[in-house]
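Architecture and fold: a report
The primary structure of each chain is shown beneath.
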Amino acid sequence: MRALYKLISSFTDIPGWRTKRHIVVIESDDWGSIRMPSIESYNRLLAAGIRVDKCHYCTNDTVASTDDLELLFEVLTSVKDKNGNAAVITANSLVANPDFDRIKESGFQEYFSTLITDSIPKIRGCEHSLDLWKEGNEKGFFRLQSHGREHLNVLRWMHYLRNDYPETKIAFENGVYGISTTITSERRKSFLPALDYNNELEQLFCCNAVQDGLFQFNKLFGFYSKSFIAPNYVWGEAIEQTLKKNNVVY
């Protein structure tokens, strides 16, 4: 079966664009997602027995600071092609994160999100990060594209919060939703594949989230995203139809 799949894939590639040039494409996901908000949250989760030290995402995945971006841009602009163009990174961005305070105020009955323009500048060291995002995009070496609204399966996460799963709740109290299934003692599916749905209601929610995410992306950055990478690379045909209706072509 795998050999047949590879054969079919090879045939579908035949009409595609070809070149003899050697091209390096750099795509980077999860920009804007606040996976681990601070070292304080990390240490509290570790003290509670949640082995965030055993997950490289929990250990390293936080918002790039102004200093981080300046160093990245320095590296990108130090490498030029024969036409003098800098190296380019495609930064697939989320536009929102959960609003933990409002969710808690609702007694975990309603989901609320907060845009990255409201949350990221409040993080120590990230006050000017979004300004650098826009600067890098305008100069052409930090190309912003859509990765969705939030890197979170909202309905699944809210279900576990309402049903008092202890590690999910401890993580929530520390502003964290992305505790990997590899380190939790809870028997559950991952919260990270935002567009993983099982029925029509969940499908509708996911399609609406994609549409809202693309709308907010255009509103924040002033242009439509031409490409889209689904969080954790999970999506369905209904998502593709929604993307097509909202100016996404790749």
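Going by the structure above, here's the rest.
Residues numbered from 1 in each chain as written. Predicted model: local features only at pLDDT ≥ 70, side-chain atom pairs only at ≥ 80, totals over all residues. Heavy atoms only, no water.

Bringing the overall build of the chain into the picture now. Check the secondary structure of the chain and you find 11 helices and 5 strands. Taking 2.2 N^0.38 as the reference for a compact globule, 250 residues should give roughly 18 Å; the C-alpha atoms of the chain span a radius of gyration of 19 Å, in line with that estimate. Each of the three principal axes of the chain carries a C-alpha extent, and together these read 55 × 45 × 35 Å. The proportion of buried residues among the 250 residues of the chain is 46%. For the chain, long-range pairs separated by at least 24 residues make up 70% of all intrachain contacts whose partners lie at least 6 apart in sequence. Of the roughly 14,800 Å² of accessible surface on the chain, a fraction of 52% belongs to carbon and sulfur atoms. Put simply, the chain has 29 plus and 32 minus side-chain charges, and the middle of one group is 6 Å from the middle of the other. (Helix = DSSP H or I, 4+ residues; strand = E, 2+ residues; numbered from the N terminus. Rg over C-alpha atoms; globule rule 2.2 N^0.38 Å. Buried < 20%, exposed > 50% of the residue type's maximum accessible area, 1.4 Å probe, protein only. Contact = heavy atoms within 4.5 Å. Areas by Shrake-Rupley, 256 points an atom, 1.4 Å probe, with all protein chains shown as cover. Lys, Arg positive; Asp, Glu negative; His and termini not counted. Charge placed at Lys NZ, Arg CZ, Asp CG, Glu CD.)

So, about the packing of helix H4 (residues 66–78) against helix H7 (residues 129–139). Relative placement of two packed helices is described by the angle separating their axes and the distance separating the axes. The geometry of H4 relative to H7 is characterised by a closest axis approach of 9 Å and an angle of 20° between their N-to-C directions. Looking at the two axes, H4 sits roughly parallel to H7. Of the two elements, H4 crosses H7, and the hand of that crossing is left-handed. Here H4 contributes Thr66, Leu69, Glu70 and Phe73 to the contact with H7, which in turn contributes Ser129, Leu132, Trp133 and Gly136. (Axes fitted to C-alpha atoms, helices over the stretch in contact; angles between N-to-C directions. Parallel < 35°, antiparallel > 145°, perpendicular 65-115°, else oblique. Left-handed = near helix turned anticlockwise from the far one by under 90°.)

Looking now at a nonpolar patch on the surface. Together, Trp17, Ile23 and Val25 give the surface a local cluster of nonpolar side chains, amounting to about 390 Å² of exposed area. Along the polypeptide, Trp17 turns up in the loop between helix H1 (2–13) and strand S1 (26–31). (Patch = residues over 30% accessible without salt bridge, like charges linked within 9 Å, V, L, I, M, F, W, Y side chains within 5 Å. Salt bridge = Lys/Arg side-chain N within 4 Å of Asp/Glu carboxyl O.)

Everything listed here is a matter of geometry and, on its own, says nothing about what the molecule does.
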